[in-house]
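Tertiary structure, described
Spelled out from the first residue to the last, the chains are:
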Amino acid sequence: MSEKNRIGKKVKLVRETRKLSIEDVSERTNLSAEGIERIEKGELIPGLTPLIKIARVLGVRLGTFMDDQENLGPVVNRGGSEKDKKNQKNVTRFSERSNAVSSDLDFFSLSQNKADRHMDPFIIDIYESSHEDVKLSSHEGEEFIYVLEGKIEVIYGKDKYELETGDSIYYDSIVAHHVHSNNGNAKILAVIYTPF
């Protein structure tokens, strides 16, 4: 199963469990029914904002779409080589470009399977891409980003922040924002909080 399909299948499963049609979800999220259907079929890599909107309508947290099972105790992640991490099954791919079929961001969950969590921590590989099609997103909650490798640019409202290894930023995600690499690939630690 492709990584794109993993999220889509979870979205569809939760939607069907809630006995909602694609049209119901479309109406409540202001997202196109075609876009939701393409996400469910794994034909489209979703952005975070549409996925958060879908999660809220379905009454689940964002991490639900990335988890296979839940653990009531602590979740421990062991370090390892980059090759080990790439082979893990907990990578989720996102893109903020319209109709994307390739990933700008690879999310490695650090809280996968943790039940009833309020935060979603990730290691995110950010791939260099064209900044011409930058689409700002906004959603309820807060985000914390710490740059592990490379340089990134954060567009936050009308401001731009250039961050490099060792820098961090904490912001309210209700303000329109976008994170992308700045001159090459980058790696960040991100903690996303979305109220449930």
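In what follows, the accompanying structure is described. (Residues numbered from 1 in each chain as written. Predicted model: local features only at pLDDT ≥ 70, side-chain atom pairs only at ≥ 80, totals over all residues. Heavy atoms only, no water.)

A look at empty space enclosed by the protein
- Tallied over the entire structure, the rule returns three cavities of 30 Å³ or more.
- Each pocket or cavity is described by its volume, and for the largest cavity that value is around 170 Å³.
- Residue lining of the largest cavity: 16 residues in total, with Leu-48, Leu-105, Phe-107, Glu-143 and Val-179 positioned closest to the centre.
- Listing elements by their share of the lining of the largest cavity, those giving two or more residues are β2 (105-109), β3 (119-126), β4 (142-149), β8 (177-181) and β9 (186-193). (1 Å grid on protein atoms, 1.4 Å probe; cavity = no way out; pocket = protein on both sides within 12 Å on 5 of 7 lines; lining within 4 Å. Points joined across faces, edges and corners; volume = space filled by probe spheres on them. Helix = DSSP H or I, 4+ residues; strand = E, 2+ residues; numbered from the N terminus.)

Considering helix α3 (residues 33-41)
- If you check which residues of α3 are buried, you get Gly-35, Ile-36, Ile-39 and Glu-40. Buried residues along α3 cover an arc of 135° about the axis, so they all sit on one side. (Buried < 20%, exposed > 50% of the residue type's maximum accessible area, 1.4 Å probe, protein only. Arc of directions from axis to C-beta.)

Quick word on the pattern of salt bridges
- Applying the stated rule across the entire model yields six salt bridges.
- Here Arg-38 and Glu-43 are joined by a salt bridge, their closest N and O atoms 3.7 Å apart.
- Here Arg-38 falls in the partly exposed class, since its relative accessible area comes to 21%.
- A residue is classified by how much of its surface remains accessible, and Glu-43, at 38% relative accessible area, is partly exposed.
- By sharing partners, the salt bridges in this structure join Arg-15, Glu-16 and Glu-40 into a single network. (Salt bridge = Lys/Arg side-chain N within 4 Å of Asp/Glu carboxyl O.)

Quick look at the sheet that holds strand β6 (residues 159-164)
- Read across the open sheet, the three strands follow the order β6-β5-β8; overall the sheet is antiparallel. Strand pairing shows two members of the sheet lacking a second neighbour, β6 and β8, which therefore form its edges. Ignoring strand direction, the axes of neighbouring strands in this sheet form an average angle of 20°.
- The pairing of strand β5 (residues 151-156) with β8 spans five bridges and is antiparallel. Looking at β8, one finds that Tyr-156 is bridged to His-177. (Pairing = 2+ DSSP bridges. Axes fitted to C-alpha atoms, helices over the stretch in contact; angles between N-to-C directions.)

Examining the packing of helix α2 (residues 22-29) against helix α4 (residues 48-58)
- The interhelical angle for the contact between α2 and α4, taken along N-to-C directions, is 110°, at an axis separation of 10 Å. Of the possible angle classes, the one that applies to α2 and α4 is roughly perpendicular. In this structure, α2 crosses over α4, and the sense of that crossing is right-handed. Together, Val-25, Arg-28 and Thr-29 of α2 and Lys-53, Ile-54, Val-57 and Leu-58 of α4 make up the contact between the two elements.
- By residue class, the composition of the contact of α2 with α4 is four nonpolar, one polar and two charged. (Parallel < 35°, antiparallel > 145°, perpendicular 65-115°, else oblique. Left-handed = near helix turned anticlockwise from the far one by under 90°. Contact = heavy atoms within 4.5 Å. Nonpolar A, V, L, I, M, F, W, Y, C, P; charged D, E, K, R; others polar.)

A short note on the side chain of His-178
- Note that His-178 resides in strand β8.
- At 2.9 Å, the side chain of His-178 forms a polar contact with the side chain of His-180. (Polar contact = N/O pair within 3.5 Å; in protein donor to acceptor, adjacent residues only side chain to side chain.)

Structural notes on the environment of Ala-190
- If you trace the backbone, Ala-190 turns up in strand β9.
- Distance from Ala-190 to Tyr-170, taken between C-alpha atoms, is 9.6 Å for residues 20 residues apart in sequence.
- The residues contacting Ala-190, other than those within four sequence positions of it, are Asp-120, Pro-121, Phe-122, Ile-124, Phe-144 and Ile-145.

Some thoughts on the pairing of β9
- Relative to β9, β3 runs antiparallel, the two being bridged by eight bridges. Counted as the bridge partner of Ile-124 is Ile-188 from β9.
- For β4 and β9, the ladder comprises seven bridges, and the chain directions are antiparallel. From the neighbouring strand, Glu-142 faces β9, where its bridge partner is Tyr-193.

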